[in-house]
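Examination of the molecular architecture
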Amino acid sequence: MPRPWPTTPPTADDRAAYADAANVPFWLDDLPERAADAPLEGAVEADLCIVGGGFTGLWAALHAKADDPSRDVVVLEADRVGGGASGRNGGFLIASLTHGLGNGLARFPDEMRVLERLAFENYDGLKADLAAHGIDAQFEETGALDALLEPHEVAGAEEEAAHAREYGHVIDVLDAEAMRAEVNSPTYLGGVWSRSGSALVHPARLAEGLRAAALALGVRIHEGSAAIAMARTSGGDGVTVAVDGGAEVRARRVLLATSAYPPLLARLKAFIVPVYDYALMTEPLSAAQKDAIGWRNRQGIGDAGNQFHYYRLSADDRILWGGYDAVYRRGGPVGPQYDDHDETFGKLSQNFFTTFPQLEGLKFSHRWGGAIDTCSRFSVFFGTALGGRASYAMGYTGLGVAATRFGARVALDLVDGRETEATRLKYVRRKPVPFPPEPVRSGVIALTQRELARADEREGRRGPWLRTLDRLGLGFDS
């Protein structure tokens with residue numbers, strides 16, 4: 001049975017709904033104006049240089065200061081803090097470190113009990129840090145709803161929920177009537193409500209709050225300071241990070257948190273595929289529109305397809321609607337010129353009004369895109385370089401709002417040579433399967449995307465190509 005999305009092109013009304021939308025992430029546009037942190041000038045020294053001012057980099061700075069308040073920490077950010085994936089995502093704060101229980105069990109079955117415990121400890125620690133640092137990220141612990149759109153998804157829901165409960169998850173399975181009582185859509189055949197380890201945040205406010213907390217602890221943050229190279233410091237025990245424009249940081253240790261952007265370590269390019277994800281944000285709903293859809297419990301929602309949508313309410317009752325297409329361009333370029341993609345926005349708008357036909361006439365105020373640091377195991381991976389003087393954490397594959405805090409902790413422990421329960425895990429010590437080089441990479445990704453779409457049309461049944469990738473430990477997701 002095909003999924004409920006139209007197979008015809010988007011209509012003129014579908015496209016008109018976003019025609020006047022600002023091509024900028026709503027979350028970043030919603031922030032109050034502030035002065036930029038000054039770009040780095042000249043040569044400076046530091047105990048720790050962090051490359052990347054997104055969630056991983058900012059959490060690493062806070063962890064480093066918590067470990068040693070006297071440690072001199074410098075953060076280099078090419079654009080603005082939170083300007084990359086950290087300020088462009090859906091704001092779904094999910095406890096998982098493995099991109100879901102099923103993916104984790106397929107890849108780390110012997111470690112899942114530990115990984116699930118660490119995931120919930122990280123989630124609780126994040127909540128505590130928000131309170132301790134006074135960060136108003138519009139945190140809403142609403143739980144997460146999986147919308148079931150096909151009969152085979154409904155048939156397997158109870159078994160999957162029972163399995164999740166064995167790992168401590170609090171799960172409710174909803175029939176069609178109960179699901180539509182939560183959120184009213186004619187596409188819903190049922191739902192799964194995960195009530196534990198699931199919340200929503202305003203992601204750009206989270207990034208700004210982490211920045212403010214880091215600055216208050218004495219971290220030096222330089223925006224507009226793109227790191228372009230790093231090497232061992234000549235005649236010393238440290239690392240020199242060169243910055244575009246001639247400045248440099250000479251640091252004892254370096255932590256790389258560059259997400260989907262070109263890494264300073266060339267070998268990491270084999271493990272990361274920059275995949276573009278796109279989203280729309282509506283105007284605020286009227287009282288009548290809110291009544292028409294319900295959604296009084298304000299859960300974050302996603303569906304179970306390979307080509308899936310994610311959606312949620314903002315604090316001012318807009319609907320963020322994203323996902324479906326995962327766009328890879330040959331060579332993996334990343335830049336603002338790729339933030340607008342009419343083909344995807346047309347599909348998003350069309351599928352939005354298929355899901356909520358009662359909202360016909362609603363307009364979108366914002367449209368944007370952003371690059372996801374996709375890796376073949378769908379979860380963060382780690383490593384060190386330059387004789388242990390540098391470490392990295394990347395590859396969150398679209399589920400990093402909570403996991404970045406954990407990733408930062410592990411990367412810091414690695415560069416400091418600190419052995420912990422986490423650093424002993426195969427999850428930390430092993431790398432994902434690398435992607436092939438171009439032009440094979442583009443061909444493999446295109447074939448995989450076609451096969452994933454076909455699997456959606458065949459009630460989730462995976463064909464020979466996808467089964468082969470599963471056996472090899474390769475995957476493609478966003």
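My aim in this report is to walk through the structure given alongside it, one point at a time. Because the structure is a prediction, the values reported are computed rather than measured. (Residues numbered from 1 in each chain as written. Predicted model: local features only at pLDDT ≥ 70, side-chain atom pairs only at ≥ 80, totals over all residues. Heavy atoms only, no water.)

1. As for the overall build of the protein chain
- Per the secondary structure count, the protein chain includes 14 helices and 18 strands.
- The C-alpha atoms of the protein chain give 22 Å as radius of gyration, which agrees with the globular expectation for 478 residues (23 Å, within 12%).
- Projected onto its principal axes, the C-alpha coordinates of the protein chain cover approximately 70 × 45 × 45 Å.
- Evaluated residue by residue, the protein chain yields a buried proportion of 59% over its 478 residues.
- Counting contacts in the protein chain only where the partners sit at least 6 residues apart, residues at least 24 apart contribute 76% of the total.
- Approximately 19000 Å² of the protein chain is accessible, and the part contributed by carbon and sulfur atoms is 52%.
- The protein chain carries 51 positive and 64 negative side-chain charges, and their two centres are separated by 6 Å. (Helix = DSSP H or I, 4+ residues; strand = E, 2+ residues; numbered from the N terminus. Rg over C-alpha atoms; globule rule 2.2 N^0.38 Å. Buried < 20%, exposed > 50% of the residue type's maximum accessible area, 1.4 Å probe, protein only. Contact = heavy atoms within 4.5 Å. Areas by Shrake-Rupley, 256 points an atom, 1.4 Å probe, with all protein chains shown as cover. Lys, Arg positive; Asp, Glu negative; His and termini not counted. Charge placed at Lys NZ, Arg CZ, Asp CG, Glu CD.)

2. Some points on empty space enclosed by the protein
- Applying the stated criterion across every chain yields a total of one cavity of 30 Å³ or more.
- Approximately 30 Å³ is the volume attributed to the largest cavity.
- Considering the residues around the largest cavity, the lining is formed by Ser96, Leu97, Thr98, His99, Phe378, Ser379, Val380, Tyr396, Leu399 and Ala403.
- When its residues are assigned to classes, the lining of the largest cavity shows six nonpolar, four polar and no charged. (1 Å grid on protein atoms, 1.4 Å probe; cavity = no way out; pocket = protein on both sides within 12 Å on 5 of 7 lines; lining within 4 Å. Points joined across faces, edges and corners; volume = space filled by probe spheres on them. Nonpolar A, V, L, I, M, F, W, Y, C, P; charged D, E, K, R; others polar.)

3. Describing the pattern of salt bridges
- Taken as a whole, this structure holds 34 salt bridges when the rule is applied.
- For Lys347, the salt bridge is made with Asp325, and the minimal N-O distance between the two is 3.6 Å. Within this pair, whereas Lys347 is found in helix H10 (residues 342-355), its partner Asp325 is found in the loop between strand E15 (319-323) and H10, the two being separated by 22 residues in sequence.
- Using a relative accessible area of 27% as the deciding quantity, one classes Lys347 as partly exposed.
- The partner of Asp413 in a salt bridge is Arg418, with the nearest N and O atoms 2.4 Å apart.
- Its relative accessible area of 5% is what places Asp413 among the buried residues. (Salt bridge = Lys/Arg side-chain N within 4 Å of Asp/Glu carboxyl O.)

4. Here's the deal with the packing of helix H5 (residues 112-133) against helix H11 (residues 403-415)
- Across the interface, H5 lies against H11 with an axial gap of 9 Å and an inter-helix angle of 100°. Considering the angle they form, H5 stands roughly perpendicular to H11. Two secondary-structure elements touch here, H5 through Leu118, Asn122, Gly125, Leu126 and Asp129 and H11 through Ala403, Arg405 and Phe406. (Axes fitted to C-alpha atoms, helices over the stretch in contact; angles between N-to-C directions. Parallel < 35°, antiparallel > 145°, perpendicular 65-115°, else oblique.)

5. Structural notes on the sheet that holds E15
- Pairing within the open sheet is mixed, and its eight strands lie in the order E5-E6-E4-E13-E14-E15-E12-E16. Edge positions in the open sheet fall to strand E5 (171-175) and strand E16 (364-374), since each of these has one partner strand only. Here the strands of the sheet are splayed against their neighbours by 20° on average, with no regard to which way each runs.
- Two elements, E5 and strand E6 (residues 190-194), share five bridges in a ladder whose sense is antiparallel. Paired with Asp172 across the strands is Trp193, a residue of E6. (Pairing = 2+ DSSP bridges.)

6. A look at helix H6 (residues 151-166)
- At Ala157, H6 shows its maximal bend, which comes to roughly 40°.
- Every buried residue of H6 is accounted for by Glu153, Gly156, Ala157, Ala161 and Ala164.
- Its buried side turned inward, H6 meets helix H4 (101-107), strand E4 (144-148), E5 and E6.
- Within two residues after H6, Gly168 carries a phi angle of roughly 90°, on the positive side. (Bend = angle between axes of the 7 residues up to and from the residue.)

7. Side note on the environment of Ala402
- By secondary structure assignment, the location of Ala402 is in the loop between strand E18 (390-394) and H11.
- Since its relative accessible area comes to 1%, Ala402 is described here as buried.
- Through-space distance from the C-alpha of Ala402 to that of Ala119 is 8.7 Å; in sequence the pair is 283 residues apart.
- Look past the residues within four positions of Ala402 in its chain and what remains in contact with it is Leu93, Ile94, Asn122 and Leu126.

8. Observations regarding the nonpolar core
- Ranked by internal contacts, the top residues of the largest apolar core, which has 61 residues, are Leu206 and Tyr427.
- At the level of elements, strand E1 (43-51), helix H3 (55-67), strand E2 (73-76), H5, H6, helix H8 (203-216), H11 and helix H12 (426-429) are the ones that each hand at least two residues to this core.
- In contact with Tyr427, not counting residues within four places along its chain, are Leu97, Thr98, Phe108, Glu111, Leu115, Arg377, Ser379, Val380, Phe382 and Phe406. (Core = buried A, V, L, I, M, F, W, Y, C linked by side-chain atoms within 4.5 Å.)

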